Structure formats: C-alpha cells, structure tokens
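Coordinate inspection notes
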Amino acid sequence: MGGDVTVDEVHRWAAGLDALDARIGGHFRRSEPRRRAREYLRGLLAPLERKNGWTLAEQAGELCPDGMQRLLNQADWDADAVRDEVRGFVLEHLGAENGVLAVDETGFIKKGTRSAGVQRQYTGTSGKIDNCQLGVFLAYASARGRALIDRELYLPISWSEDPARRTDAKISDDVTFHTKPALARAMLEQALAAKLPFRWVTGDEVYGQDPVLRGWLAEQRLSYVLAISCKHRCGPRGQNARTTSAILPQHAWGTRSAGEGAHGLREYACALVPLPGEGDDDFEDALLIRRSLADGERAYYLTHAPRGTALAEIVRAAGARWAIEECFQTAKNVAGLDHYQVCQYPASYRHITLAMAAAAHLAAIRATEHEKGDTAAT
C-alpha cells in the first residue's frame, strides 16, 4: 500500500474513523481539541497534496490555521498516551504470535535551522547529507499487515548541548542525547511492557553493528536478525563477513524465500554460518548470508535464535525488514508524516503521532478488506 491508493479509497477510509477516534479521544481533556484532533486525522486521510496547518484547516472548513497549530503547540494532551492507543489499535487488528518488530530511521527534510533536532546529516530519504530531522521508528509486521507503532526524534549532540536552542524548541531538561540504537532499545522496551506478540526483531546496519543493543536483545531472550556491513568481523577465525561468505563451499547454499515483496516472491541463495555463542544453551548465534539470484549482490546479518530454528524462518524474518520501508512510504505519501511545519519538539511528536494513527487506520482497513476477501473466496 503506497502510491497506488485511489481517491475513492481515501474518501472511504476517512469516513471510518469512529473506532480509532473512540480509543484516542479520552486523552483530550476538552471537547474542542478532541474535535479538532478528529478533523486533523480526517485531513491527514484526505486527498490533499500537502498536509500542513493551512491545508488541514481548509479541509476542516476553518478560515485560518490557528486552531490546528494550537492543537500541536498549546492544547493539553499527551502524545505518548495517544501513541500507546495507536499501538493497541495495531495489536487489535494486526497482532499475531509470529509478528516481527522492525526498527529503522527516516528523514524529514527541512529548509530552516529552528526545527527541533534539525542539522545537516545523512538520511536515506534523499540518499545524501541533507538539512533534516531524523526520526527512529518501530514497526509491527505480521501476515495481517504492518504499521508504525512507536517513534523517537533523534536529538544530535549539537542540539542536546545548546541550552538556547533547547529553550527555543521547548525541549525539556530530561531529553538528552541518545544514539539511534539506544532509541530503538527504548521503544523495544515499551513493546515488551505492552506485551506485544512477536517472534523477531530486525533492523539495518545502524542497529546490527551495535553490540550493546545486540547484547540487550540476547539478555531478554529475544530472537533477532540484524544487518551488518561486509567488513564486520564475525567469522569463526575472526574473518569479516565478506571473506566468510567467499570461502563457503557450494553445498552450503540453498534457495529460500524472503516472502512476498512489491514485485512478487523474493527468492535468494542463502547460507547460515554458526558463530560462537554467549553461553545460552537454548539460543545460537549465526551469520546469515543472502545472495541475489539476479546479480549476485550479498547482504549479511547477525542472527540470534532458539537452537534448531530453520533457515527458512530466519530468512523470512530478515525479509520482513522491508515492511518498515513500506510503512514510511504509506505514512509519508498518504498520511502526511513529513508534512508538518512546526519547530517545537513536543509539536513535532504530536503531528508524527497523529500521522501514525492515520496510517494505522489505513493498515487496519486494508487487513479487514483482505480478510473479507479471503472469506469470500472460501
């Protein structure tokens, strides 16, 4: 679900917000911000080219953006409490025991210097160093669908150690610098506390290269498959991943499916190389090497899973990481995730949270329609 959404679908989806509105409405103490939050969500789901204060206000029949800006900047409501409701809503509609939690960051391109956390930094959004904010997100994926369930803005050291900028952006004293893997861990802790059903944690090299995050996941007895660079030293004799891959015999490889993708079934040549463990007899560590059948390009992953876990299951978990990219595409293209024009730190969280809620609503609708289709087919 992304750029193929039609205007008719968006109108139909925007009309069915009652269940989500009922979940989050109680976190707005006054009726006026509660009503405006619903209009904000409806605007995020409307077929608008841009979804900022002006366009959302016009969609709601208001003459100026003051009310929408007040919802983000001054109104009394807890964005984290709404985030918790979004997570519960996603669990209700998409929850499954074999779910996967995928962590990744995305960039919000900005022109100025006042938006909380903005600086020139690399972002995969543009594929280069750009003036942007970065958000670290957690997505939930299962056979029923996928949706973003948590978010943390990355606050660079240039911001965390600048009192004047912090004050201007309303960044509270308890917000300090954290690495992206540390932000990922905080969100995973929230997911564990919420008792989400899931079997795997996955993420790209930013998270796979971090030994502290991997160690914490192992301590929690959580299975993971995390990408690493080709230069990461992990082989049985200290070789890097690329060298380990190059010396594997032909019989070590087998073709496995990473699941359905945007262009159909994704099959790869895969190999699993056992690695020395950390003393837990029930789990084992390994290097997963995935080779493209089309051009031979290789990807490398560190895995930690219960002993005897099938290669096919590990490859499926690695393939689930693409789900968060699909979540970003939907949340940005359809729900206006990156369309906000606010500078204050709390206001950014509020818009992002409401955009996540709108995107979760779309995921729930798609899951329901898919299940109805399966029922009709039987």
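The text that follows walks through the structure, step by step, so that each part is easy to find.

**Notes on the environment of Ala347**
Locating Ala347 in the fold gives a position in helix α15 (residues 345-377). For Ala347, a relative accessible area of 0% gives the class buried. Linking Ala347 and Leu293, residues 54 residues apart in sequence, is a C-alpha distance of 46 Å. Residues in contact with Ala347, not counting those within four places in the same chain, are Leu72, Asn73 and Val342.

**Some thoughts on the state of the cysteines**
Tallied over the full model, the rule gives 0 disulfides. Cys343 supplies the cysteine sulfur nearest to Cys132, a cysteine that is in no disulfide, at a spacing of 15 Å. You can see Cys230 has no disulfide; the closest cysteine sulfur is in Cys234, sitting 11 Å from it. The class for Cys230 is partly exposed, based on a relative accessible area of 23%.

**Observations regarding unusual backbone geometry**
Excluding glycine, residues mostly carry a negative phi; peptide bonds, for their part, are mostly trans. One non-glycine residue, Lys170, lies in the positive phi region at around 55 degrees. Along the chain, the position of Lys170 falls in the loop between α8 (163-168) and α9 (180-193).

**Some details on the pattern of salt bridges**
Scanning the model with the defined rule gives 21 salt bridges in all. When the shortest N-O distance is used, the salt bridge between Glu85 and Arg23 registers 3.4 Å. Pair noted here: Glu85 is in helix α6 (residues 79-94) and Arg23 is in helix α2 (residues 18-24), with a separation of 62 residues, a long-range link. Residue Arg23 is classed as partly exposed on the basis of its relative accessible area, which comes to 27%. Among the salt bridges present, the one from Glu92 reaches Arg23, with a minimum N-O distance of 2.8 Å. Of the two residues, Glu92 sits in helix α6 while Arg23 sits in helix α2, which places them 69 residues apart along the sequence. Linked by salt bridges that have partners in common, Asp80, Arg83, Asp84, Arg87, Asp150 and Arg151 make up one network.

**Brief notes about helix α11 (residues 211-219)**
An α-helix turns once every 3.6 residues. As a result, residues three or four positions apart point the same way. Looking at α11, one finds that the buried residues are Leu213, Arg214, Trp216 and Leu217. What you see down the axis of α11 is that its buried residues fit within an arc of 160 degrees, all on one side. Exposed residues lying more than 90 degrees from the buried face of α11 are Pro211, Val212 and Glu219. Against α9, β5 (200-203), α10 (205-208), β6 (224-228) and β10 (298-306) lie the buried residues of α11. Backbone nitrogen of Val212 and a side-chain oxygen of the N-cap are separated by 3.2 Å at the start of α11; the cap is Asp210. A positive backbone phi angle near 60 degrees is found at Arg221, which sits one or two residues after α11.

About the criteria used
- Residues numbered from 1 in each chain as written.
- Predicted model: local features only at pLDDT ≥ 70, side-chain atom pairs only at ≥ 80, totals over all residues.
- Heavy atoms only, no water.
- Helix = DSSP H or I, 4+ residues; strand = E, 2+ residues; numbered from the N terminus.
- Buried < 20%, exposed > 50% of the residue type's maximum accessible area, 1.4 Å probe, protein only.
- Contact = heavy atoms within 4.5 Å.
- Disulfide = S-S within 2.5 Å.
- Salt bridge = Lys/Arg side-chain N within 4 Å of Asp/Glu carboxyl O.
- Arc of directions from axis to C-beta.
- Polar contact = N/O pair within 3.5 Å; in protein donor to acceptor, adjacent residues only side chain to side chain.

Just distances and angles here, no functional claims.
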